[in-house]
Amino acid sequence: MVTPTSFLPDDLQHALSDRDLIVFDGECVLCSGFFRFVLRHDQKERFAFAVAQSKLGERLYHALNLPTDEYETNIVIIDGLIYQRLDAFCHAMRAIGGVWVALSVLRFLPGPIKDFLYHRIARNRYRIFGRYDTCMMPDPTLRTRFVDGGLAP
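Basis of the calculations
- Residues numbered from 1 in each chain as written.
- Predicted model: local features only at pLDDT ≥ 70, side-chain atom pairs only at ≥ 80, totals over all residues.
- Heavy atoms only, no water.
- Helix = DSSP H or I, 4+ residues; strand = E, 2+ residues; numbered from the N terminus.
- Buried < 20%, exposed > 50% of the residue type's maximum accessible area, 1.4 Å probe, protein only.
- pLDDT = per-residue confidence, 0-100.
- Salt bridge = Lys/Arg side-chain N within 4 Å of Asp/Glu carboxyl O.
- Phe/Tyr/Trp six-rings, centres within 6.5 Å; stacked < 30°, edge-to-face > 60°.

### Brief notes about the environment of Arg123
One can find Arg123 in helix 5 (residues 111-129). A relative accessible area of 58% means that Arg123 is categorised as exposed. With 52 residues separating them along the chain, Arg123 and Tyr71 place their C-alpha atoms 9.8 Å apart.

Structure below.
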């Protein structure tokens, strides 16, 4: 599923400021691992980040009609397009480039297969990979890559 950022309310569009962004569950060990992987391989520092539990994350999930009690859908925004689930992962791999582009071919799987695979992992991610007791907080050097958008609750 792809949604243009122009679909979002004006305040969210303004908060995003045309950034490429990855929104991830800051309590999920797997999701935080995805964040750290992208951070390590994003040589051009293309992506900014937000945790799903932040004001910006919650507003994005709400605007996209995604549940805000369980953040099992990751969101990746690239060039004004919002990707979700496995497509989000694939487009992030394509954007960071290098050998990781090869993983972007997963986006060509049929929709029902992609959805089955993604939901199977997402629904069991805490049980399989674990959960942090608190939301992941970036250290001061990483804080500049995080977006809070200055949104009201």
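### Section: the confidence of the model for the chain
For the chain, the mean per-residue pLDDT works out to 84, and 89% of the residues sit at or above 70. Looking across the chain, the model is least confident in helix 5, with a mean pLDDT of 81, and most confident in strand 4 (residues 75-78), with 96.

### Overview of unusual backbone geometry
Of note, the phi angle at Asn65 is positive, near 55 degrees, even though the residue is not glycine. With phi around 50 degrees, Asp79 is a residue other than glycine that occupies positive phi space. Position of Asp79 among the secondary structure elements: in the loop between strand 4 and strand 5 (81-84).

### Details of the pattern of salt bridges
This model, assessed by the stated rule, comprises six salt bridges. The closest approach of N and O atoms between Arg85 and Asp115, which form a salt bridge, is 3.8 Å. Taken together, the residues span a long stretch of sequence, with Arg85 in helix 4 (residues 85-96) and Asp115 in helix 5 at a distance of 30 residues. Residue classification places Arg85 among the buried positions, given a relative accessible area of 18%. For Asp115, a relative accessible area of 35% translates into the label partly exposed. Salt bridges here are not isolated pairs; linked through shared partners, they connect Asp20, Arg46 and Asp79.

### Brief notes about the packing of aromatic side chains
Aromatic ring pairs are reported here in terms of the distance separating the ring centres and the angle at which the planes meet. As enumerated under the stated definition, the model contains eight aromatic pairs in all. Ring centres 4.8 Å apart and planes at 10 degrees place the aromatic pair Phe24 and Phe35 in the stacked group. With Phe24 in strand 2 (residues 20-24) and Phe35 in helix 2 (residues 29-41), this pair connects stretches of sequence that are 11 residues apart. Classification of Phe24 as buried rests on a relative accessible area of 2%. The buried category is assigned to Phe35, whose relative accessible area is 2%.

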